[in-house]
Amino acid sequence: MNGWRQKLISQIPFQQHKLLFVYDRDDILSDEELLSYLQQNEVNVFSFKDRAELRIHYEGQLEYSSGKWIYKYVGEGSFTFPFDMLNNQEPIELTLHIAFPNLSLPILHQLDHDVLDGVYKVSDSLQSPLTDSETMEFLLRRVYKLSFDTIENEVEWLSFLIQLHDHRLSIPNVLIDFIIEHISSKSVQFQDLFPLAYFKNKFMEFLQNHWDEYVKKNINQDISIQEGTTSTYHKDHLFSYESMRRMIQHYFIEGKLLPIEIDKERNIPVWAEHGVKQKSYQPLKDIHHLGEKIELFLEEGKIQHKDWIEVAGLYGQMKMLQIQYGVGEQIVNEFDEKINQLFQDWMLLNYQTLASFSPYIRPAMVHHVLPYMQFQEERKQVIIVLDGMSFVQWKQIKQALDVSFVSEENGVFAWVPTITEISRRSIFHSNIPRLQSSISEEKAWRQFWKRESIADMHITFENHLAQGEFDISQIAALQKTNTKKASIILRNIDALTHGAIQGLEGMYAEIDVWLKSGYLQQLILKLVEEGYAVYITSDHGNTESIGIGRPRQGSLVETKGERVRIYRDQMFRDEAASLYTTIKWPNDALSKEHYYLLAEAREAFVTKNEHIVSHGGITLEEVVVPFIKIDKRK
């Protein structure tokens, strides 16, 4: 370890103490590399925001943990660690100022940790401290390498927004404020487009609306849109400009923009062919493009958890196209094998660090979802849990929703083993499995919001199979007008998984029928109209597997899953592991009374050579699941 991380970790004497207490308002100890380093040294990290949360975990870990712990406070207000815990220690104040003395701390506080790597490389050139404004200009020019001085018109601004939203490094709002203030000083005429810089989903909605208009007024009316010309119906249209034409094509391929169905087969120029639907569409080109983009992530030396979320989305789109059009199976299977080998290696080394991430900026795991929602300033919220939905199914569902809704797409990691009784429970208990009580999901959901001073009468929880026509009278969140926090579990995808005798192709067809019924679309529409902020997630995904045989152990195994077997005796687990190529999954953060055996990727503990769709293991499709915020398209 070196660079800024080494400077900061040297402030924490974890070798000398079993328990350490840290004020970490810059959330430094959520960095993946730091957490991995601490884990290798048998040091665990727990984030908390109030004294009650600290006390519950502190007393719990005394019972089950023999390792070292760092308790980090990430709140903004004043906080005093309890005297009985400190045991004559002084809490440690960890701040980015230690590594970056010449840059503004309030600005650095806004940056993701991967941005700090780039900042550290160029910060040695600074001879004296910079102001807030100077720090922002330094970051935009030297780290992000964004040029915004020459922007003078609407098209240049929109072209810049594509660079902004596609940037590999996340750009905080404070830097966007700075850019807009700089451009505003030139008295430009497109101030109404400034808000598009803050929300990628709103920018995508803007592009979608303009593309719909462009297709309607040009392609469907047979007006020429030849290569290299700006003669289409009026020059000022956004897509009359070569720069915009060139920069939007990948959005259609990746499913971020919806291609428009045209009235008949036409001769479409290359730049526009991805943006329209016609019989001559060739999905193999898009599958190749998605594969090239996945390769960019896989070839990096250091893959982080958010990179895997990007890969899961790209692979989900690739797999969905392969199923939808019946082409590219060999290409997809090759990527599947490559992805899951790298992902398995990453999981075995890095997965345990994710539970220590702070949930408040963006959730990393399913048990972070409720704390993240609680941190948002939204009066009415609903979480729709599509039990068992992978990114492959989400991409299919998204196609149907994109007509009427705009979605902000992210992802979270499920708990392993990726089964309902562990991972879905974690959503509602908002805690690691080992520290969860035995109460039901509904009671845990209600208790979470009661701790936030939401009365029980304002909370609903419901669980539906989601079959047949949508019936608003069956949805408690829509019947109780005073509801503020609603949870709706829909189990149909998980039910389809366990009955998928025709594999993922059969599931695709079944989900297509469900989507055509309009159940989900009507549910979301009614929730949005009632003023809810709508979130969609899943507890685990699913994967296709081939049977390797069933270990014959009778009552020695407690849970005989298709991709996971759970034992109360480590010896019996290890005995089964010796019969097959399997993964002995550690029970860190899980029940200390249980031992877990996972099947390898694409394998299952069922009759030899039987083909199934299931879950429980650690393939990318099972572990990384969608976390979506959705709103009505304007």
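Our next topic: the sheet that holds strand S16 (residues 595-599). Overall, antiparallel pairing links the four strands, which are arranged S13-S14-S16-S15 in an open sheet. The open sheet has two edge strands with one neighbour each: strand S13 (557-560) and strand S15 (582-585). Each strand axis lies, on average, 20° off the axis of its neighbour in the sheet, ignoring direction. The pairing of S13 with strand S14 (residues 564-567) spans three bridges and is classified as antiparallel. Each residue of the ladder has a partner; that of Val-557, found in S14, is Tyr-567. The strands touched by helix H23 (residues 570-577) are S14, S15 and S16; relative to S16, the strand with the most contacts, the crossing angle is about 15°.

What follows is about the packing of helix H8 (residues 154-166) against helix H9 (residues 173-184). Close contact between H8 and H9 brings their axes to 14 Å; oriented N to C, the two are set at 165°. If you check the angle between H8 and H9, you find them roughly antiparallel. Seen along the crossing, H8 lies across H9 with a hand that is right-handed. Note on element contacts: H9 touches H8 through Ile-176, Ile-179, Ile-180 and Ile-183, opposite Trp-157, Phe-160 and Leu-164. Broken down by class, the residue content of the contact of H8 with H9 amounts to seven nonpolar, no polar and no charged.

A few words on the confidence of the model for the protein chain. Across the protein chain, pLDDT averages 91, with 96% of residues at or above 70. Below a pLDDT of 50 lies the segment residues 227-235, which in the model reaches 23 contacts outside its immediate sequence neighbourhood of four places, other chains included.

With that settled, consider the packing of helix H13 (residues 305-325) against helix H14 (residues 329-350). Relative orientation of the contacting elements H13 and H14 amounts to 160°, with a least axis distance of 11 Å. The pairing of H13 with H14 is recorded here as roughly antiparallel in orientation. Here the hand of the crossing between H13 and H14 comes out left-handed. Where H13 approaches H14, its residues His-305, Trp-308, Val-311, Tyr-315, Met-318, Lys-319 and Gln-322 are matched on the opposing element by Glu-329, Val-332, Asn-333, Phe-335, Asp-336, Ile-339, Leu-342, Phe-343 and Trp-346. Here the contact of H13 with H14 is built from residues that sort into ten nonpolar, three polar and three charged.

A few words now on the environment of Asp-149. Tracing the backbone through its elements, the reader meets Asp-149 in the loop between helix H7 (132-143) and H8. Through-space distance from the C-alpha of Asp-149 to that of Ile-183 is 7.4 Å; in sequence the pair is 34 residues apart. Residues in contact with Asp-149, not counting those within four places in the same chain, are Arg-141, His-182 and Lys-186. A polar atom in the side chain of Asp-149 sits 3.0 Å from the side chain of Arg-141. Among the polar contacts listed, one links the side chain of Asp-149 to the side chain of His-182, at a separation of 2.9 Å.

Core analysis: the biggest nonpolar cluster contains 189 residues, and Trp-157, Trp-211 and Phe-413 have the highest contact counts within it. For this core, the leading source of residues is H13, giving ten residues. Ignoring sequence-local partners within four residues, the contact set of Trp-211 consists of Phe-239, Ile-248, Phe-252, Leu-258, Ile-260, Trp-271, Ala-272, Gly-275 and Val-276.

Rules used in this analysis
Residues numbered from 1 in each chain as written. Predicted model: local features only at pLDDT ≥ 70, side-chain atom pairs only at ≥ 80, totals over all residues. Heavy atoms only, no water. Pairing = 2+ DSSP bridges. Helix = DSSP H or I, 4+ residues; strand = E, 2+ residues; numbered from the N terminus. Axes fitted to C-alpha atoms, helices over the stretch in contact; angles between N-to-C directions. Contact = heavy atoms within 4.5 Å. Parallel < 35°, antiparallel > 145°, perpendicular 65-115°, else oblique. Left-handed = near helix turned anticlockwise from the far one by under 90°. Nonpolar A, V, L, I, M, F, W, Y, C, P; charged D, E, K, R; others polar. pLDDT = per-residue confidence, 0-100. Polar contact = N/O pair within 3.5 Å; in protein donor to acceptor, adjacent residues only side chain to side chain. Core = buried A, V, L, I, M, F, W, Y, C linked by side-chain atoms within 4.5 Å. Buried < 20%, exposed > 50% of the residue type's maximum accessible area, 1.4 Å probe, protein only.

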